[in-house]
Amino acid sequence: MIEFDAVWQWGVLALVGVAGLVFAIRSVLRRLGAEERPESRKSKPAEMGGTDAERLREGLSRTRNEGFLSKLAGLFGDQTSGEEAIEEIEAILYTADIGVKTSKRLLSSIREGLSPEEWADEAKVRQQLREESQRILAAAHAPRESEATSGGGVRPHVLMVVGVNGAGKTTTIGKIASQLKAEGSKVLLAAGDTFRAAAVEQLQVWADRVEVDLWKGEEGADPASVLFEAVRHAIEEGHDVVLADTSGRLHTDANLMRELEKVHRVLGKARVGAPDEVLLVLDATMGQNAIQQARQFGDAVAVTGLVLTKLDGTARGGVVLGICDEMGLPIRHVGIGERVEDLRPFSVEGFVDALFAPPEPSSGP
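What counts and what doesn't
- Residues numbered from 1 in each chain as written.
- Predicted model: local features only at pLDDT ≥ 70, side-chain atom pairs only at ≥ 80, totals over all residues.
- Heavy atoms only, no water.
- Helix = DSSP H or I, 4+ residues; strand = E, 2+ residues; numbered from the N terminus.
- Buried < 20%, exposed > 50% of the residue type's maximum accessible area, 1.4 Å probe, protein only.
- Phe/Tyr/Trp six-rings, centres within 6.5 Å; stacked < 30°, edge-to-face > 60°.
- Contact = heavy atoms within 4.5 Å.

## Concerning unusual backbone geometry
Backbone geometry follows two general trends: most residues other than glycine have a negative phi, and most peptide bonds adopt the trans configuration. Each neighbour pair has its own omega, and for alanine 274 with proline 275 the value is -5°, a cis peptide bond. With respect to the helices and strands, proline 275 occurs in the loop between helix 13 (254–270) and strand 5 (277–283). With a phi close to 65°, glutamate 211 is a non-glycine residue in the positive phi region. With respect to the helices and strands, glutamate 211 occurs in the loop between helix 11 (197–210) and strand 3 (213–215). Its relative accessible area of 62% is what places glutamate 211 among the exposed residues.

## Looking at the packing of aromatic side chains
This structure, assessed with the given rule, holds one aromatic pair. Note on phenylalanine 346 and phenylalanine 351: the rings are 5.3 Å apart at their centroids and 45° apart in plane angle, and the pair reads as tilted. Owing to a relative accessible area of 13%, phenylalanine 346 belongs among the buried residues under this scheme.

## Looking at the side chain of threonine 170
Its location among the elements puts threonine 170 in helix 10 (residues 169–182). Judged by relative accessible area, threonine 170 falls into the buried class, the value being 5%. Not counting residues up to four positions away in its chain, the partners in contact with threonine 170 are Ala199, Gln202, Leu203, Trp206 and Asp245.

Nothing here speaks to function; it is geometry throughout.
Encoded structure:
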């Protein structure tokens, strides 16, 4: 009986040892296999980032493959006349999310820049649209004299951020703060959306994550007063930049617009010339409604630049053309992903190159 127990125990130990060895071998094989899989390589930060051009092109893939430009592909046949082609182009442009004004401008560019025989030439039509798009964006991003003198180098640089709830306003503030902190700036976040406790809490999360200071008032406090005190505090403490969050109720709310006007005035009392910038955050997935928001906010406060978020999640990226054409305002940043570095400075050339890049080959058989 004793011998049987001993044999049984040794047998169990042997089985456990073999099982452990098999488990270890399988773990090593899984790790080696994972390193070879493409999806594993994509998860590596160094390779996932890519160049700015690559990331922007990737972010605009839905716009390029599903937006108005994609509808031009295959539109023209050997038997298509110039008049037939221009009618189809007109229909495509007017149903795009670029607005009526911009659609007319692009259509006129094709009519005037190409001969009727060339209207049915897809390559020439795309090139004409590319050149006119470049002109639209370049005009909106031309340097202005007021920008060169704004703030006069006075610190802190005050950046007022406006936009409706859900557009990504607070997240944009957090990402900008992270980038400024990495550049060596001393940043203060100012919680001016005092009507929503969640907005203040979200800003607190970003302040903790980025390790920058946060100024906040009591819940329901007057937003203008809170932001006034924030700027005064930043002056005393030597902050380089103040990022001022504001209330984000619907742009059609008259009370909100009056409140933003008041905030803008009061910031100028806290530091002469403030705010130095007013950034309007727009959700790219809203399409033409984003253009309407830009108009409404532009009427209420002197918006100096735009941030377009969620550009990677929509086929409506062409709205950038409509906004720049309608408002004559520059796009400061575009959001093409969730990471901090995915809030990218806008480049006219980079955007046009990405938007008009050749379509990706079909993955089908």
